[in-house]
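Survey of secondary and tertiary structure
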Amino acid sequence: MIGEAIIILHDDGLKGTRIVAVNMTVATPFGDVSVFRQTMRMERGTKVVVPISIPIGTKVPEGEYYFDLTVCVKTEEVNVGHEVYIYTE
């Protein structure tokens, strides 16, 4: 599965960079599992495109899976969820 997340950091008028943490998890019967994690520094008022590639193994059971993308800057957090259905051949 291949995609991208576009992160735009608001320009609050202050100088310097902010540390931005990106984490993607997938919900499983055993709990949430992190499948992608990245930390970066961003200038305020800039945009970053984060490519995300998640290999899907041949033994993954067919069904619906819920992915959650979380972006954190200090104490602020934004979550975006995406539900996919995986078919097996």
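In what follows, the accompanying structure is described. What you see is a predicted model, and the numbers here were worked out from it, not measured in a lab. (Residues numbered from 1 in each chain as written. Predicted model: local features only at pLDDT ≥ 70, side-chain atom pairs only at ≥ 80, totals over all residues. Heavy atoms only, no water.)

**Section: the overall build of the chain**
What the chain contains, in helices and strands, is zero helices and six strands. Across the chain, helices and strands are ordered from the amino to the carboxyl terminus as β-β-β-β-β-β. Computed over C-alpha atoms, the radius of gyration of the chain comes to 15 Å, more than 25% over the 12 Å expected from 2.2 N^0.38 for 89 residues, which places it beyond the range of a compact globule. On the principal axes, the C-alpha backbone points of the chain span a range of 50 × 20 × 15 Å. Buried residues in the chain amount to 30% of all 89 residues. Restricting to contacts in the chain with at least 6 residues of sequence separation, those with at least 24 account for 56%. When the accessible area of the chain is evaluated, it comes to approximately 6,600 Å², of which 55% is carbon and sulfur surface. One way to put it: in the chain the 8 positive side-chain charges average out to a point 14 Å from where the 12 negative ones average out. (Helix = DSSP H or I, 4+ residues; strand = E, 2+ residues; numbered from the N terminus. Rg over C-alpha atoms; globule rule 2.2 N^0.38 Å. Buried < 20%, exposed > 50% of the residue type's maximum accessible area, 1.4 Å probe, protein only. Contact = heavy atoms within 4.5 Å. Areas by Shrake-Rupley, 256 points an atom, 1.4 Å probe, with all protein chains shown as cover. Lys, Arg positive; Asp, Glu negative; His and termini not counted. Charge placed at Lys NZ, Arg CZ, Asp CG, Glu CD.)

**Quick look at the sheet that holds strand 6 (residues 76–86)**
Pairing between the strands of a sheet is mediated by backbone hydrogen bonds and can be parallel or antiparallel. With antiparallel pairing, the four strands of this open sheet are ordered in space as 3-2-5-6. Strands with a single pairing partner mark the edges of an open sheet, and in this sheet they are strand 3 (31–43) and strand 6. Strand-to-strand twist across the sheet, computed as the mean angle between neighbouring axes with direction ignored, equals 15 degrees. Both strand 2 (residues 17–28) and strand 3 contribute to a ladder of 12 bridges, which runs antiparallel. Residue pairing for strand 3: Arg18 is matched across the bridge by Met42. (Pairing = 2+ DSSP bridges. Axes fitted to C-alpha atoms, helices over the stretch in contact; angles between N-to-C directions.)

**Some words on the packing of aromatic side chains**
Under the defined criterion, the tally for this structure stands at one aromatic pair. Taken together, a centroid distance of 4.7 Å and an interplanar angle of 55 degrees make the contact between Tyr85 and Tyr87 tilted. (Phe/Tyr/Trp six-rings, centres within 6.5 Å; stacked < 30°, edge-to-face > 60°.)

**Regarding unusual backbone geometry**
Positioned with a positive phi, Lys74 is a non-glycine residue whose angle comes to about 55 degrees. One can find Lys74 in the loop between strand 5 (63–73) and strand 6.

**Observations regarding the nonpolar core**
If you look at the biggest cluster of nonpolar residues, it comprises 20 residues, and the most contacted ones within it are Val22 and Ile52. Every element with two or more residues in this core is listed here: strand 1 (2–8), strand 2, strand 3, strand 4 (47–53), strand 5 and strand 6. Element by element, the count of residues in this core is highest for strand 5, at five residues. When sequence neighbours within four positions are dropped, the list of residues in contact with Val22 reads Ile7, Phe36, Arg37, Gln38, Met40, Leu69, Thr70 and Val71. (Core = buried A, V, L, I, M, F, W, Y, C linked by side-chain atoms within 4.5 Å.)

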